[in-house]
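# Summary of structural features
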Amino acid sequence: MTNALPFPLAEAPDRDAQEAATRLFRQGADFLKGVVAMSGLPPADRMEVCFAGRSNVGKSTLINALTGRRALARASNTPGRTQEINFFTLADSHYLVDLPGYGFAKAPVAVVEKWQRLLKAYLQGRQSLRRAFVLVDARHGIKPVDEEIMALLDTAAVPFQTVLTKADKIKAADEPKLLAQVRGKLAKHPAAFPELILTSSETGAGIDTLRATIATLV
Ligand SMILES: Nc1nc2c(ncn2[C@@H]2O[C@H](COP(=O)(O)OP(=O)(O)OP(=O)(O)O)[C@@H](O)[C@H]2O)c(=O)[nH]1
Ligand SMILES: [Mg+2]
């Protein structure tokens, strides 16, 4: 343990965690509603996790991969596809929340500003938010806009876990450099959960681990 790296990659789930994930996810997910103002949030009456990240990082696609549904959350190649806070029910115990992206978006400035304000209000003010998954493109690492969101989560004391996306797009040889960059940045964030998950919605890598993480949150 003496040379343990900070922010290791999460280990594959053990059998209990895997079974918990199977039990939870086989009950299925459904779209509940799209929210455009804090007043539209559903009652904070269950376990809630959200997926935040730069536009186009793969938030909606990851929700589809997790739930095994091809088009539950609307994904697209156009940055700025998700413009509302989309709530999905998972079984009758969890909400999965798909957030609009931050950073560059192909949408009018006034519209983008409105949803950025809503996004920040949600991240800071949602009582039942148990963990925010902050998605980071494995090709790009943590960018200044990600750090802004991470700082906001630190201040609001919302625990967040970094999920690296699009692992299928990087070469194995580039992984150490990516991990070093991410670990260096996360070290400055007290709200950062000390494990990373490397995923690909394309190959399915890391999806079981993320399912198990969600299923074992208490
Ligand atoms: N190769 C690869 N492509 C991916 C992966 N995940 C997402 N994509 C692609 O990335 C693009 C953006 O995906 P979305 O899921 O719409 O991204 P988003 O973060 O929801 O984007 P916004 O809603 O605009 O903020 C789509 O073309 C996806 O097919 C992945 O793991 N591997
Ligand atoms: Mg989206």
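Quick caveat: nothing in here was measured; it's all calculated off a predicted structure. (Residues numbered from 1 in each chain as written. Chains lettered and ligands numbered in written order. Predicted model: local features only at pLDDT ≥ 70, side-chain atom pairs only at ≥ 80, totals over all residues.)

Glancing now at the nonpolar core. Counting residues in each nonpolar core, the largest one holds 58 residues, and the members touching the most others are Cys50, Phe51, Ala52, Val97, Ala132, Val134 and Leu135. Looking at this core element by element, the count peaks at 6 residues for strand β5 (residues 129–137). Residues within four places of Cys50 in sequence aside, it is in contact with Val97, Leu99, Leu129, Ala132 and Phe133. (Core = buried A, V, L, I, M, F, W, Y, C linked by C-beta atoms within 7 Å. Buried ≥ 20, exposed ≤ 12 C-beta atoms within 10 Å, placed from the backbone. Helix = DSSP H or I, 4+ residues; strand = E, 2+ residues; numbered from the N terminus. Contact = placed C-beta atoms within 7 Å.)

This part covers helix α3 (residues 109–125). A rise of 1.5 Å per residue sets the reference length of α3, with its 17 residues, at 24 Å; its end C-alpha atoms lie 24 Å apart and thus fit the reference within 8%. Listing the buried residues of α3 in full gives Val112, Trp115, Leu118, Tyr122 and Leu123. Within α3, the buried residues cover an arc of 130 degrees as seen down the axis, which keeps them to one side. For α3, the exposed residues set more than 90 degrees away from the buried face come down to Val109, Ala110, Glu113, Arg117 and Gly125. (Expected span 1.5 Å × (residues − 1). Arc of directions from axis to C-beta.)

Strand pairing in a sheet relies on backbone hydrogen bonds, with the paired strands running either antiparallel or parallel. The 7 strands lie next to each other as β1-β3-β4-β2-β5-β6-β7, forming an open sheet whose pairing is mixed. The open sheet terminates on both sides in strands that have one partner only, identified here as β1 (29–35) and β7 (197–198). The pairing of strand β3 (residues 85–90) with strand β4 (residues 94–98) spans 5 bridges and is antiparallel. Paired with Phe88 across the bridge in β4 is Leu96. (Pairing = 2+ DSSP bridges.)

On to the site of ligand 1. Around ligand 1, the structure places 24 residues, and the nearest of them are Gly58, Thr61, Ala75, Thr82 and Gly101. With 3 residues, the single largest contributor to the shell around ligand 1 is helix α2 (residues 59–67). (Near = placed C-beta within 6 Å.)

A word on helix α6 (residues 207–215). Across the 9 residues that make up α6, a large majority, 7, are buried. Those residues of α6 not exposed but buried are Thr209, Leu210, Arg211, Ala212, Thr213, Ile214 and Ala215. Close packing links the buried residues of α6 with α1 (15–25), β2 (47–53), α2, β6 (160–165) and β7.

Mapped onto the secondary structure, Ala71 falls in the loop between α2 and β3. In the structure, Ala71 is positioned 19 residues away from Leu90 in sequence and 15 Å away in space, judged by C-alpha atoms.

Moving on to the UniProt feature "domain: EngB-type G" (unreviewed entry) in the protein chain. Here the UniProt-annotated "domain: EngB-type G" (unreviewed entry) positions come out as residues 45–218. For residues 45–218, the end-to-end C-alpha separation is 14 Å, with 34% helix and 20% strand making up the annotated structure. (UniProt positions renumbered as here; feature names shortened; annotations may be inferred.)

Turning our eyes to something else, we now look at the packing of α1 against α6. Direction vectors running N to C along α1 and α6 enclose 85 degrees, while the axes themselves pass 8 Å from each other. The pairing of α1 with α6 is recorded here as roughly perpendicular in orientation. Where α1 abuts α6, its residues Ala17, Gln18, Ala20, Ala21, Leu24 and Phe25 lie against Asp208, Arg211, Ala212 and Ala215. A breakdown of the residues in the contact of α1 with α6 according to their chemical character gives 7 nonpolar, 1 polar and 2 charged. (Axes fitted to C-alpha atoms, helices over the stretch in contact; angles between N-to-C directions. Parallel < 35°, antiparallel > 145°, perpendicular 65-115°, else oblique. Nonpolar A, V, L, I, M, F, W, Y, C, P; charged D, E, K, R; others polar.)

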